[in-house]
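# Commentary on secondary and tertiary structure
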Amino acid sequence: MQVGDIVKHFLTEQLGIVMTVVVAKPRRSIGSVHVLWTTKGESLFGPGNKEWCSPESLTVLTTA
C-alpha cells in the first residue's frame, strides 16, 4: 500500500485515497494508514474526512 492508492474499508465499504503510510516499528505490530474518504458508506465519517486505519482493514482497489 502506498500514497495515492484508492482503498476500500472492509466494514463500512467506504472508498478513499491513501494520504500517509506509517511503517510498523519493532515495538508496534502493525503500521497505520491515513485515508481521505471520498464516500460515506456505512460510516459516521463522510466525504472529505480523514481517518487513521489499520492496513489490515483496507483493500487496495487501484495503485498510484
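See the structure printed just above.
The paragraphs below set out a description of the structure included in this document. (Residues numbered from 1 in each chain as written. Predicted model: local features only at pLDDT ≥ 70, side-chain atom pairs only at ≥ 80, totals over all residues. Heavy atoms only, no water.)

### Considerations on the overall build of the protein chain
Regarding its fold elements, the protein chain presents zero helices and five strands. Mapped in sequence order, the helices and strands of the protein chain form the string β-β-β-β-β. A globule of 64 residues ought to have a C-alpha radius of gyration of about 11 Å, and the protein chain, at 11 Å, matches this closely. Taking the principal axes of its C-alpha atoms as reference, the protein chain extends roughly 35 × 25 × 15 Å. Classification of the 64 residues of the protein chain by burial places 28% in the buried group. Long-range pairs, those at least 24 residues apart, make up 37% of the contacts in the protein chain between residues at least 6 apart in sequence. For the protein chain, the accessible surface area stands at approximately 4,200 Å², while carbon and sulfur atoms represent 58% of it. (Helix = DSSP H or I, 4+ residues; strand = E, 2+ residues; numbered from the N terminus. Rg over C-alpha atoms; globule rule 2.2 N^0.38 Å. Buried < 20%, exposed > 50% of the residue type's maximum accessible area, 1.4 Å probe, protein only. Contact = heavy atoms within 4.5 Å. Areas by Shrake-Rupley, 256 points an atom, 1.4 Å probe, with all protein chains shown as cover.)

### As for the environment of I17
Mapped onto the elements, I17 comes out in strand β2 (residues 15-22). If we ignore the near neighbours within four places in the chain, the residues touching I17 are G4, D5, H34, V35, L36 and T38.

### A few points about the nonpolar core
The biggest cluster of nonpolar side chains holds seven residues, and these are V7, V18, V33, V35, W37, C53 and L58. With three residues, strand β3 (residues 32-37) is the largest single contributor of residues to this core. (Core = buried A, V, L, I, M, F, W, Y, C linked by side-chain atoms within 4.5 Å.)

### Side note on the side chain of S32
You can see S32 is positioned in strand β3. Leaving out residues up to four positions away in the same chain, S32 has contacts with T20, V21, V22, W52, C53 and P55.

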